[in-house]
Amino acid sequence: MASFAYSLLPFHLVILISLFHFSSAARRLTQDQDPSSIFQYHNGPLLTGKISINLIWYGKFKPSQRAIVSDFITAVSSTHPTTTNQPSVSTWWKTTDKYYHIAKTPNSLSFSLDKQLLDENYSLGKSLTTQKIVQIASKGSQKDAINVVLTASDVTVDGFCSSRCGTHGSSMGGSQAKRSKFAYIWVGNSETQCPGQCAWPFHQPIYGPQSPPLIAPNNDVGMEGMVMNLASLLAGTATNPFGNGFFQGPKEAPLEAASACPGIYGKGSYPGYAGELLVDQTSGASYNAYGVNGRKYLLPALFDPVSSTCSTLV
């Protein structure tokens, strides 16, 4: 089983533990590489077919917090426009179509929000290893699924904040006689542990230029960071599900569809500045995508493999 980490600092060492393979890809506030020079397709399969997304909430989350994420998944999953307002979450996701065209793979991928599982009693404790993350992810459906583990702000995870904000990978599930592969994603809530790293630009950064934080559109800095990181990992899961799809750099430390465009959310971005964004005239919140139920989100730029540029919504 493979695991691909989505982190925020420059590349860290590759760690081999048991049957797991971890790698680190940077969500950094600076841009010291030109992704267009080496971003490429490595001839592996992309994610296809009907995929259910299961949300596994580990620790205590308010219903209002869970709704922020579930509404985002609903917006990505919809095959029909969920809002007349543009740019939308579905418009953002549309950029991934270009990956399938280059890979000469029919884009049959469709998501649906399936189950939401609550583990409010911290069944494996409040300090988790990646092996435990996979164990928690295994509680979801293991056929044609992405199981998303979301850990609460009082849960520590190996590498969280120090090298990564989340992880995606794949694992084998099912009985010995009927094994099946499922994808998983883990994202941590950085509200109290490292909002300046995993929830920037809605919190003042720990490193780099010190600019005032933006106002979060859903009024929850920690959850806003979770959505931004989940969006990036979801794009990476679709276009590089098994480590041989689209990415930049070494396989052990890949930069993927979103993480190849670190810190870019709007046009004119530069280190410490997220770019030109839409601003809600009432709340002053910054965003670049409309979702369902009146939601607004800030989503990362996706690398456009056709133009070899980081594509932003605004």
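Structural notes, computed from the coordinates. (Residues numbered from 1 in each chain as written. Predicted model: local features only at pLDDT ≥ 70, side-chain atom pairs only at ≥ 80, totals over all residues. Heavy atoms only, no water.)

### Here we look at the state of the cysteines
Summed over all chains, the structure comprises three disulfides. Between C161 and C194 runs a disulfide, and the two sulfur atoms are separated by 2.0 Å. Across the S-S bond of C161 and C194 the torsion is about -70°, and the bridge reads as left-handed. Residue C161 is found in the loop between β10 (156–157) and β11 (166–174), and its partner C194 is found in the loop between β12 (179–188) and α6 (195–198); the two are separated by 33 residues along the sequence. You can call C194 buried: its relative accessible area is 1%. Bridging C165 to C198, the disulfide has an S-S length of 2.2 Å. Where C165 bonds to C198 through sulfur, the torsion about that S-S bond is close to -90°, and the disulfide is left-handed. Taken together, the positions of C165 in the loop between β10 and β11 and C198 in helix α6 put the pair 33 residues apart, joining distant regions of the chain. (Disulfide = S-S within 2.5 Å. Helix = DSSP H or I, 4+ residues; strand = E, 2+ residues; numbered from the N terminus. Buried < 20%, exposed > 50% of the residue type's maximum accessible area, 1.4 Å probe, protein only.)

### Remarks on the nonpolar core
Grouped together as the largest cluster of nonpolar side chains are 71 residues, with contacts concentrated most on F72, W93, F111, I146 and L299. Ranked by residue count, the leading element in this core is helix α7 (residues 221–239), at nine residues. When near neighbours in sequence (up to four residues on either side) are disregarded, F72 contacts V89, W92, V227, L230, A231, Y297 and L299. Core analysis: the second largest hydrophobic core is formed by nine residues, A216, Y265, A274 and V314 among them. (Core = buried A, V, L, I, M, F, W, Y, C linked by side-chain atoms within 4.5 Å. Contact = heavy atoms within 4.5 Å.)

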